[in-house]
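Read off the chains here:
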Amino acid sequence: MTTDAHAVDARLDALAATVCGDDPRTRNQRRADAMGALAVGADRLTCRCGQPNCLAGAPVSSAW
């Protein structure tokens with residue numbers, strides 16, 4: 001794997017980890033969603049746990 005591929009892989013993992021532990025998606029589902037978030041410049045995923053007070057549930061910010 002090239003350096004760029006490692007960087008993208010690490011970034012997908014980092015974005016996938018921005019949700020709380022109650023998010024119902026699998027790690028691979030979160031990584032897939034992270035690809036879209038990465039494409040629009042988001043710095044995190046929106047958590048799907050459904051808890052109104054989830055600290056990870058704030059709206060996704062975007063550079064675009």
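The paragraphs below set out a description of the structure included in this document. Fair warning: this is a prediction, and the values are worked out from it, not measured in the lab. (Residues numbered from 1 in each chain as written. Predicted model: local features only at pLDDT ≥ 70, side-chain atom pairs only at ≥ 80, totals over all residues. Heavy atoms only, no water.)

Note on soluble globular proteins: their nonpolar side chains tend to be buried together. Counting 11 residues, the largest nonpolar core is built from L12, L15, V19, A34, A37, A42, L45, C47, C49, C54 and A56. If you list the elements that add at least two residues to this core, you get α1 (3-16) and α2 (27-39). (Core = buried A, V, L, I, M, F, W, Y, C linked by side-chain atoms within 4.5 Å. Buried < 20%, exposed > 50% of the residue type's maximum accessible area, 1.4 Å probe, protein only. Helix = DSSP H or I, 4+ residues; strand = E, 2+ residues; numbered from the N terminus.)

Right, let's talk about the side chain of D23 for a bit. Turning to its location among the elements, D23 is positioned in the loop between α1 and α2. Taking relative accessible area as the criterion, D23 reaches 6% and is therefore assigned buried. Only 2.7 Å separates the side chain of D23 from the side chain of R25, close enough to count as a polar contact. Discounting residues that sit within four places of it in the chain, D23 has contacts with R30, T46, C47, R48 and C49. (Polar contact = N/O pair within 3.5 Å; in protein donor to acceptor, adjacent residues only side chain to side chain. Contact = heavy atoms within 4.5 Å.)

Attention now goes to the environment of G50. Structurally, G50 is set in the segment after α2. Separated by 26 residues in sequence, G50 and P24 place their C-alpha atoms 9.4 Å apart.

Before going further, it helps to spend a moment on the pattern of salt bridges. Scanning the entire structure with this criterion turns up seven salt bridges. Between R48 and D33 there is a salt bridge; the shortest N-O distance is 3.7 Å. Here R48, found in the segment after α2, pairs with D33, found in helix α2; they are 15 residues apart in sequence, far enough to count as distant. In this structure D33 comes out as partly exposed when scored by relative accessible area, which is 28%. (Salt bridge = Lys/Arg side-chain N within 4 Å of Asp/Glu carboxyl O.)

Moving on, we come to a nonpolar patch on the surface. A grouping of V8, M35 and L38 is seen on the molecular surface, where their side chains present a nonpolar patch of about 220 Å² in accessible area. Looking at the secondary structure, you find L38 in helix α2. Taking the relative accessible area as the measure of exposure, L38 reaches 31% and is therefore partly exposed. (Patch = residues over 30% accessible without salt bridge, like charges linked within 9 Å, V, L, I, M, F, W, Y side chains within 5 Å. Areas by Shrake-Rupley, 256 points an atom, 1.4 Å probe, with all protein chains shown as cover.)

This part covers the packing of α1 against α2. Close contact between α1 and α2 brings their axes to 8 Å; oriented N to C, the two are set at 110°. In this view, α1 runs roughly perpendicular relative to α2, as classed from their interaxial angle. Contacts between α1 and α2 involve V8, D9, R11, L12, D13, L15 and A16 on the former and, on the latter, R27, R30, R31, A34, M35, A37 and L38. Tallied by class, residues from the contact of α1 with α2 come to eight nonpolar, no polar and six charged. (Axes fitted to C-alpha atoms, helices over the stretch in contact; angles between N-to-C directions. Parallel < 35°, antiparallel > 145°, perpendicular 65-115°, else oblique. Nonpolar A, V, L, I, M, F, W, Y, C, P; charged D, E, K, R; others polar.)

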